[in-house]
Amino acid sequence: MKCAVITPVGPGHAALLESSCAPSVERARTYDPGPFASIGHLVMDDGEGRHGRSNRRNAALAQSAAEGFDWVFFLDADDVMTPNAFQAFGRVIAAEPELDAVWGLICTFDEKGEPALRDGQPERIDSRIDLLRVEPHLSLQIGAFVRTGCAARFGFDAGMDTGEDFKFYYQLWAQCRCAKRPEIFFVNRRGQHSTGPRGATGQDWQKAVSRLWSEQLAEVPVFAEIRDGEGAPARMRVTNPRDLIQAAHLRGQFFEESSLVKLKRLLRQPRPNIVEVGANIGNHVVWYARHLDPARIYPVEPNPEALSLLDQNIAANGIDGRIDRRGWGLGAGRGEGRFAAVTDDADNLGATRLVVAEHGGIETRSLDALIGADRIDFIKIDAEGMELEVLDGAAGLIARDRPVIWIEVLRKNIMGFAQDWCRRANYRVVDSTAYRNTIDYFVVPRD
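Residues numbered from 1 in each chain as written. Predicted model: local features only at pLDDT ≥ 70, side-chain atom pairs only at ≥ 80, totals over all residues. Heavy atoms only, no water.

### Side note on the packing of helix α6 (residues 164-175) against helix α7 (residues 202-219)
Point 1. Viewed as axis vectors pointing N to C, α6 and α7 meet at an angle of 20 degrees, and their least axial separation amounts to 9 Å. Judged on the interaxial angle alone, α7 and α6 are roughly parallel. You can see that α6 and α7 cross each other, and the crossing is right-handed. Together, Asp-165, Phe-166, Lys-167 and Tyr-170 of α6 and Trp-205, Val-209, Leu-212, Trp-213 and Gln-216 of α7 make up the contact between the two elements.
Point 2. In the contact of α6 with α7, the residues fall into six nonpolar, one polar and two charged. (Axes fitted to C-alpha atoms, helices over the stretch in contact; angles between N-to-C directions. Helix = DSSP H or I, 4+ residues; strand = E, 2+ residues; numbered from the N terminus. Parallel < 35°, antiparallel > 145°, perpendicular 65-115°, else oblique. Left-handed = near helix turned anticlockwise from the far one by under 90°. Contact = heavy atoms within 4.5 Å. Nonpolar A, V, L, I, M, F, W, Y, C, P; charged D, E, K, R; others polar.)

And the structure:
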């Protein structure tokens, strides 16, 4: 087999190519060529910045195919190949000859110039779904061995100023047999970007790659896994990795985990009945089912986008038998009304609020009317500014059942809640968590 190492050399990188990059390729070839009978280093000059690195990589891919190279390896001019890179690849491909592309661990030079593995990265990635569960900067980098035919099928998008690397990766993982393995093929040198016309920043890259990631998640049903005890992990659908709640799921955590732990200490009722006003995508609903052994959960959620994910998360965790859907598609308030949903931040679905609209598509009910005679042991209220209206509409239920309440209160409503409502309802604050615009209160009956 033959392998071509592809290195585009942009403005300001010629010295790094000569001093470290090119010698590292030769050193690896001499140390052990692995499965390759021939190794070539295709140095693609772009010292004046007239072509761009994507065009240079694509030209090298065409040359590699024309000259019969079976595999290519992408190595930027400011990076170095490890001495045993070809040998390490040989071990992987001997064990898994069906693979079309192989990535290794992300390794960078630290402040002292020593190679160090990036913290938090997975050692192995075996599938497209596994890849899409991982924050991009923790998953892959450019240095990979790829069969020439697969790489040339897609190439790099020369029209993109940044993020073209992950577009290429995502195409490969969707169409070819790819894997990440615990080997180190190269070491990345940070802070040595080439000069020239390309003006994208790290923030630009993050934004572009997040968009690509979201597009992939729309194509493939991906569920983050949360291991929070014995038994099977919780599974939560991810469609927007920038969403605050879904980002927590991707980290393997429930959102507001510390507050959920506080709740577990407060709610002593066995087999409680739980009302969740503002159930969103089901973060709390799934946690309740796993940790509180509830008899029934009553999600109240008006947002169709959130309801779709809530439904999927209920199904994925096998808890449909605990769910009462009478509040499905409804909002909670003082009584009947019509509202429209407003989401000010597309990356914070949980902050969707209701605004009065005569012909709005969302209806509200009071909890007294919605729940009727069912006993309720705990109410969670996240109503984005309508929390006092929700309490007013649950006055009868609260007086009858005296449930534990966890409520998010906008700062403008704090006095109305903590001083007025608590006094009238004969409740007391036992714990709280402060945020920038809100405070979460845990309140229990005084009697």
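### Looking at the sheet that holds strand β21 (residues 427-434)
Point 1. Spatial ordering of the open sheet is given by β14-β13-β19-β20-β22-β21, a layout of six strands whose pairing is mixed. The open sheet has two edge strands, β14 (296-300) and β21, and neither has a second partner. For this sheet, the mean inter-axis angle between neighbouring strands, taken without regard to orientation, is 15 degrees.
Point 2. With four bridges joining them, strand β19 (residues 378-381) and strand β20 (residues 404-410) adopt parallel strand pairing. Among the inter-strand pairings, Ile-381 is bridged to a residue of β20, identified as Ile-407. (Pairing = 2+ DSSP bridges.)

### Things to note about the pairing of strand β22 (residues 438-445)
Point 1. Most of β22 sits inside the fold, with eight of its eight residues counted as buried.
Point 2. The pairing of β20 with β22 spans six bridges and is classified as antiparallel. Bridge pairing links Ile-407 to Tyr-441 in β22.
Point 3. Examined bridge by bridge, β21 and β22 share seven bridges and lie antiparallel to one another. Bridge pairing links Tyr-427 to Pro-445 in β22.
Point 4. Between β21 and the antiparallel strand that follows it, β22, lie three residues. (Buried < 20%, exposed > 50% of the residue type's maximum accessible area, 1.4 Å probe, protein only.)

### Focus on the packing of aromatic side chains
Point 1. Counting across every chain of the model gives 25 aromatic pairs.
Point 2. For the ring pair Phe-36 and Phe-145, a centre distance of 6.3 Å and an interplane angle of 25 degrees mean the geometry is stacked. Of this pair, Phe-36 sits in the loop between α1 (14-31) and β2 (38-45) while Phe-145 sits in strand β8 (residues 144-147); the two residues are 109 residues apart in sequence, bridging distant segments of the chain.
Point 3. Here Phe-36 falls in the buried class, since its relative accessible area comes to 4%.
Point 4. Residue classification places Phe-145 among the buried positions, given a relative accessible area of 0%.
Point 5. Here Phe-89 and Phe-145 contribute two aromatic rings whose centre-to-centre distance is 4.3 Å and whose plane-to-plane angle is 20 degrees, an arrangement assigned as stacked. Residue Phe-89 is located in helix α3 (residues 85-95), and its partner Phe-145 is located in strand β8; the two are separated by 56 residues in the primary sequence. The exposure classification of Phe-89 matches that of Phe-145, with both residues buried.
Point 6. These aromatic residues form a ring-pair network of at least three members: Phe-74, Trp-103, Phe-156, Phe-166, Phe-168, Tyr-169, Tyr-170, Trp-173 and Trp-205.
Point 7. Here the guanidinium or amino end of Arg-57 rests over the ring plane of Phe-156, the centre of that ring lying 5.0 Å away.
Point 8. Note that Arg-325 overlies the ring of Trp-328, its terminal NZ or CZ placed 4.2 Å from the centroid. (Phe/Tyr/Trp six-rings, centres within 6.5 Å; stacked < 30°, edge-to-face > 60°. Lys NZ or Arg CZ within 6 Å of the ring centre and 35° of its normal.)

### With respect to the sheet that holds strand β9 (residues 178-180)
Point 1. Read across the open sheet, the six strands follow the order β2-β1-β3-β8-β5-β9; overall the sheet is mixed. Bordering the open sheet on either side are β2 and β9, each of which pairs with just one other strand. Taken pair by pair, the neighbouring strands of this sheet meet at an average axis angle of 20 degrees, ignoring direction.
Point 2. With three bridges joining them, strand β5 (residues 101-103) and β8 adopt antiparallel strand pairing. Across the sheet, the residue bridging to Trp-103 is Ala-144, located in β8.
Point 3. Of the strands in this sheet, β1 (2-9) and β2 are in contact with α1, which crosses β2 at around 170 degrees.

### Observations concerning the state of the cysteines
Point 1. Overall, the coordinates contain zero disulfides when judged by the stated rule.
Point 2. Between Cys-150, a free cysteine, and Cys-176, which holds the nearest cysteine sulfur, the sulfur-to-sulfur gap is 3.4 Å. (Disulfide = S-S within 2.5 Å.)

### Section: the pattern of salt bridges
Point 1. Scanning all chains against the criterion turns up 31 salt bridges.
Point 2. A salt bridge links Arg-124 to Asp-126; the shortest N-O distance between them is 3.6 Å.
Point 3. A relative accessible area of 46% places Arg-124 in the partly exposed class.
Point 4. When its relative accessible area of 42% is taken as the criterion, Asp-126 is described as partly exposed. (Salt bridge = Lys/Arg side-chain N within 4 Å of Asp/Glu carboxyl O.)

### Some thoughts on the environment of Ile-281
Point 1. Checked against the element boundaries, Ile-281 lands in the loop between β13 (273-277) and α10 (283-291).
Point 2. Residues Ile-281 and Glu-305, spaced 24 residues apart in sequence, show a C-alpha to C-alpha distance of 8.6 Å.

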